Amino acid sequence: SNIVSFKTDAALQYCVSKSNNATNEIIGRVKLNTIDNSSTAQVGYEDFSSISTDLKPGQTYELSIYPQFPKGGPLGETYGAYIDWNNNGDFTDLGDMIGGSGLPSFINPYKISFTVPNNAVKGQNLRLRIVMRYAGFGTSPCGTFDLGQVEDYSVKVVSNLATNDASVSKTAIY
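Residues numbered from 1 in each chain as written. Predicted model: local features only at pLDDT ≥ 70, side-chain atom pairs only at ≥ 80, totals over all residues. Heavy atoms only, no water.

## Comments concerning the packing of aromatic side chains
Applied cut-off: By convention, a stacked pair of Phe, Tyr or Trp rings (six-membered ring in the case of Trp) has centres within 6.5 Å and planes under 30 degrees apart, an edge-to-face pair has planes over 60 apart, and any other such pair is tilted. In this text, helices come from DSSP runs of H or I with a minimum length of four residues, and strands from runs of E with a minimum of two, each type numbered from the N-terminal end. We call a residue buried when its accessible area falls under 20% of the maximum for its residue type, exposed when it is over 50%, and partly exposed in between, using a 1.4 Å probe and counting protein chains only.
A complete count under the given rule lists six aromatic pairs for this structure. Summarising the aromatic geometry, the rings of Tyr-61 and Phe-114 are spaced 6.2 Å apart at their centres and angled 35 degrees between planes, so their arrangement reads as tilted. Of this pair, Tyr-61 sits in strand S5 (residues 60-68) while Phe-114 is found in strand S8 (residues 110-115), placing the two residues 53 residues apart along the sequence. Judged by its relative accessible area of 4%, Phe-114 falls in the buried class. For the pair Trp-85 and Phe-114, a centre-to-centre distance of 6.2 Å together with 45 degrees between the ring planes defines the contact as tilted. One end of the pair, Trp-85, is in the loop between strand S6 (77-83) and strand S7 (97-100); the other, Phe-114, is in strand S8, with 29 residues separating them in the sequence. An aromatic cluster is defined as three or more aromatic residues linked by ring pairs; in this entry it consists of Tyr-14, Tyr-82 and Phe-91.

## So, the layout of surface pockets
Note the cut-off: Residues are called lining when one of their atoms sits within 4 Å of a cavity or pocket point, these points coming from a 1 Å grid over the protein atoms alone, where a cavity is a set in which a 1.4 Å probe fits but cannot get out and a pocket is an open set with protein on both sides within 12 Å along at least five of seven lines. Grid points are joined across faces, edges and corners, and a volume is the space filled by probe spheres set on the points. Gly is put with the polar residues, along with every residue not named as nonpolar or charged; the nonpolar set is Ala, Val, Leu, Ile, Met, Phe, Trp, Tyr, Cys and Pro, and the charged set is Asp, Glu, Lys and Arg.
Space inside the largest pocket adds up to approximately 180 Å³. Contributing to the lining of the largest pocket are 10 residues, with Leu-12, Tyr-14, Asn-87, Asn-125 and Arg-127 lying nearest its centre. By residue number, the principal contributor to the lining of the largest pocket is strand S9 (residues 125-134), which donates three residues. Tallied by class, residues from the lining of the largest pocket come to five nonpolar, four polar and one charged.

## Digging into the state of the cysteines
What counts, and what does not: Cysteine sulfurs are considered disulfide-paired once they come within 2.5 Å of each other.
Tallied over the full model, the rule gives one disulfide. Between the sulfur of Cys-15 and that of Cys-142 lies a disulfide, 1.9 Å long from S to S. As the torsion about the S-S bond is roughly -75 degrees, the Cys-15-Cys-142 disulfide counts as left-handed. One end of the pair, Cys-15, is in the segment before strand S1 (17-21); the other, Cys-142, is in the loop between S9 and strand S10 (143-157), with 127 residues separating them in the sequence. Assessed through its relative accessible area of 32%, Cys-142 is described here as partly exposed.

## Describing the nonpolar core
One broad trend across soluble globular proteins is that nonpolar side chains are buried collectively. Our working definition: In plain words, nonpolar cores are sets of buried Ala, Val, Leu, Ile, Met, Phe, Trp, Tyr and Cys residues tied together by side-chain atoms within 4.5 Å. Two residues qualify as a contact provided that any one of their heavy atoms is within 4.5 Å of a heavy atom in the partner residue.
Counting 26 residues, the largest nonpolar core has Leu-63, Trp-85, Ile-98 and Phe-114 as the members making the most contacts within it. Contributing elements (two or more residues each) for this core: strand S2 (26-32), strand S4 (45-55), S5, S6, S8, S9 and S10. Examining the composition of this core, we find that four residues originate from one element, S9, more than from any other. Ignoring anything within four residues of it in the chain, the contact list for Phe-114 reads Leu-32, Leu-55, Gln-59, Thr-60, Tyr-61, Leu-63, Ile-83, Trp-85 and Ile-98.

Interpretation note: all reported values are geometric properties and have no functional meaning in isolation.
This is the structure:
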């Protein structure tokens, strides 16, 4: 008998990102294209990577992050959003950070407008990470911090050309 061996690709392992305390400020709702997810859990990290939306290359989208303050607020939050466009398991490549506040913001919802790069990996679930951190200056897609919350989602970049967009003409060869 013959031995057949094969290799499977392991799931990408992303860096840990979470807060130690999410009792006073949480990401209450996230909206992006067809994603409209409300969460009320009070944990420092939530994995919603099973929730996905399709995005088209070259198109501009708006990500809306709605903070919630269960013990009263509003509080100044620092935001950051990251997409692993090349699906290599990190958020450190040029363009992976799609936006953020840099300084604490009281805006609710906090909105980030971004354009999908034409060279993004297509047809695969790509990780979207949203970080909301109390105060501070800027965010990082990795690491543990004191107050706030992190949520992960997925996006899939799809081709701009759909089958109903293509026109077919008759061609005759004599």
